[in-house]
Amino acid sequence: DMAIITEGMAGRFNLTEGQAAVLRRAAEALAAERDQLRKLDALVRVGQESRVILTEDELLSHALKRISDGFGSDAVRIGLLQEGRLRFPIGLGTKVMWEPTNESDRARAIATVLDSLEMGRVADDHVVLPLTVKGRVAGLLEVHRERGRLEDRDVAMLQAMANQLNADGVLTITSNNAADTISVV
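Residues numbered from 1 in each chain as written. Predicted model: local features only at pLDDT ≥ 70, side-chain atom pairs only at ≥ 80, totals over all residues. Heavy atoms only, no water.

A look at the overall build of the chain
From N to C terminus, the chain includes five helices and eight strands. Written out in order from the N terminus, the α and β elements of the chain read α-α-β-α-β-β-α-β-β-β-α-β-β. Scored against the burial criterion, the 185 residues of the chain give a buried share of 36%. Pairs at least 24 apart in sequence give 51% of the contacts found in the chain among residues at least 6 apart. When the accessible surface of the chain is totalled, it reaches about 10,700 Å², and 52% of it is carbon and sulfur. (Helix = DSSP H or I, 4+ residues; strand = E, 2+ residues; numbered from the N terminus. Buried < 20%, exposed > 50% of the residue type's maximum accessible area, 1.4 Å probe, protein only. Contact = heavy atoms within 4.5 Å. Areas by Shrake-Rupley, 256 points an atom, 1.4 Å probe, with all protein chains shown as cover.)

So this is what it looks like as structure tokens:
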């Protein structure tokens, strides 16, 4: 971890306590920048893949992989509205079982997404974002950070990723050999 590395460097180079503190802050800033770059790379990849002709399942699977790559250990899943019911397909989640959460807060957040197309926040570490097709909710992106809170910049990045998947004006659902596909308009 960063503390062990900076302590080792401080001892090896006979740094003062103040110099070691500066080194520690610089290492933490570098780690935060690398984390942000990983998330930005995921955003770019989701955007690139959403502009290619893919089946809905392929697009969502690729997007889940990219979001998961960008957000590391955060639990991510995609829920789809099918026949008026919200379903969470097994292949569209990074964890088979989610940790128990406050179900009433989660239900309220999901209702917010379904009713208003706005993000719903379950808690500081858990958000639900709408996925839309032609201005109507088609599903949602749910992200839960098991350790710590989802910072505002992380939520903004997740909103941008959800927007990349939204089919408002950029993508349209078409029929191709009896299979639903998502393609560029």
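Considering the pairing of strand β4 (residues 120-123)
As paired strands, β4 and strand β5 (residues 126-133) are joined by three bridges and run antiparallel to one another. Residue A123 lies in a different strand from β5, and its bridge partner there is H126. The antiparallel pairing of β4 with β5 creates a hairpin that spans two residues between the two strands. (Pairing = 2+ DSSP bridges.)

Some remarks on the side chain of R145
When you line up the elements, R145 lands in the loop between β6 (136-144) and α5 (152-165). Of note is the side chain of R145, whose polar atom sits 2.9 Å from the side chain of D154. Not counting residues up to four positions away in its chain, the partners in contact with R145 are K39, F71, D74, D125, L150, E151 and D154. (Polar contact = N/O pair within 3.5 Å; in protein donor to acceptor, adjacent residues only side chain to side chain.)

What to know about the sheet that holds strand β3 (residues 85-87)
The strand order across the open sheet formed by five strands is β3-β2-β6-β5-β4, and the pairing between neighbours is antiparallel. This sheet does not close on itself; its edge strands, each paired only once, are β3 and β4. Neighbour-to-neighbour, the strand axes of the sheet open up by a mean angle of 25°, direction not taken into account. Judged from the six bridges that link them, strand β2 (residues 75-82) and β6 form a sheet pairing that is antiparallel. (Axes fitted to C-alpha atoms, helices over the stretch in contact; angles between N-to-C directions.)

A short note on the pattern of salt bridges
Pairing between side chains becomes possible if they bear opposite charge and their charged atoms approach one another. One pass over the full model with this rule turns up nine salt bridges. With its nearest N and O atoms 3.8 Å apart, the salt bridge here joins D69 to R66. You can see D69 and its partner R66 sitting in helix α3 (residues 56-71), three residues apart, about one turn around the helix. Among the residues examined, D69 registers a relative accessible area of 35% and is labelled partly exposed. R66 sits in the buried class, given a relative accessible area of 19%. (Salt bridge = Lys/Arg side-chain N within 4 Å of Asp/Glu carboxyl O.)

Points about the nonpolar core
Counting residues in each nonpolar core, the largest one holds 23 residues, and the members touching the most others are I67, I78, V127, L141, V143 and L158. Those elements that place two or more of their residues in this core are α3, β2, β5, β6 and α5. I110, V113, V122 and L140 belong to the second largest nonpolar core, which has six residues in total. (Core = buried A, V, L, I, M, F, W, Y, C linked by side-chain atoms within 4.5 Å.)

As for the environment of G84
Take G84: it is sitting in the loop between β2 and β3. Distance in space between the C-alpha atoms of G84 and A138 is 9.7 Å, their sequence separation being 54 residues.

A short note on unusual backbone geometry
In this model, N14 sits at a positive phi of 50°, which is unusual for a non-glycine residue. Looking at the secondary structure, you find N14 in the loop between α1 (2-12) and α2 (17-49). Residues other than glycine seldom take positive phi values, yet K134 does so here, at roughly 50°. Within the secondary structure layout, K134 lies in the loop between β5 and β6.

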